[in-house]
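# Survey of secondary and tertiary structure
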Amino acid sequence: PSNCIQQYWEHEYDKIGNCVAIQRLNNKRVAEHCELFEFDEHNNCVREQLVYRPTGSLVEDKRNLYEYDEQGNWLRKIMYKNNEIQCFVDNKIIEQ
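Summarised in this report is the structure supplied together with it. Please read these numbers as outputs of a predicted model, since none were measured by experiment.

### What to know about unusual backbone geometry
In this structure, arginine 29 takes a positive phi of about 65 degrees despite not being glycine. You can see arginine 29 is positioned in the loop between β2 (19-26) and β3 (31-39). With phi around 50 degrees, asparagine 82 is a residue other than glycine that occupies positive phi space. Here asparagine 82 shows up in the loop between β6 (74-81) and β7 (84-90).

Given below as structure tokens:
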């Protein structure tokens, strides 16, 4: 193990506190990769992209498609990775 810093992480947030970007830099402060996040009007993450730096090539693209009820509760989430459906998640609201 070395006593020197091997990498740095920089985080960027939007005006309501959502993390919209995480960038990893090497010990020379050169960007190695970046994760970008997008949110919908319900504050749910709808897109996450992993970008390789310095070429800027897209390594991974994840999307979440939400279905909501009239109260704004999500009922179903469809998760995609690189444009292929990975899974469905159903959210059941239990009234008390």
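### Quick word on the sheet that holds β2
Strand order in the open sheet made by the 7 strands is β1-β2-β3-β4-β5-β6-β7, with antiparallel pairing throughout. At either end of the open sheet lies a strand with only one pairing partner, and these are β1 (7-13) and β7. The sheet shows a mean angle of 15 degrees between the axes of neighbouring strands, taken without regard to direction.

Scoring rules and cut-offs
Residues numbered from 1 in each chain as written. Predicted model: local features only at pLDDT ≥ 70, side-chain atom pairs only at ≥ 80, totals over all residues. Heavy atoms only, no water. Helix = DSSP H or I, 4+ residues; strand = E, 2+ residues; numbered from the N terminus. Pairing = 2+ DSSP bridges. Axes fitted to C-alpha atoms, helices over the stretch in contact; angles between N-to-C directions.

Honestly, that's just the spatial picture; any functional story needs more than this.
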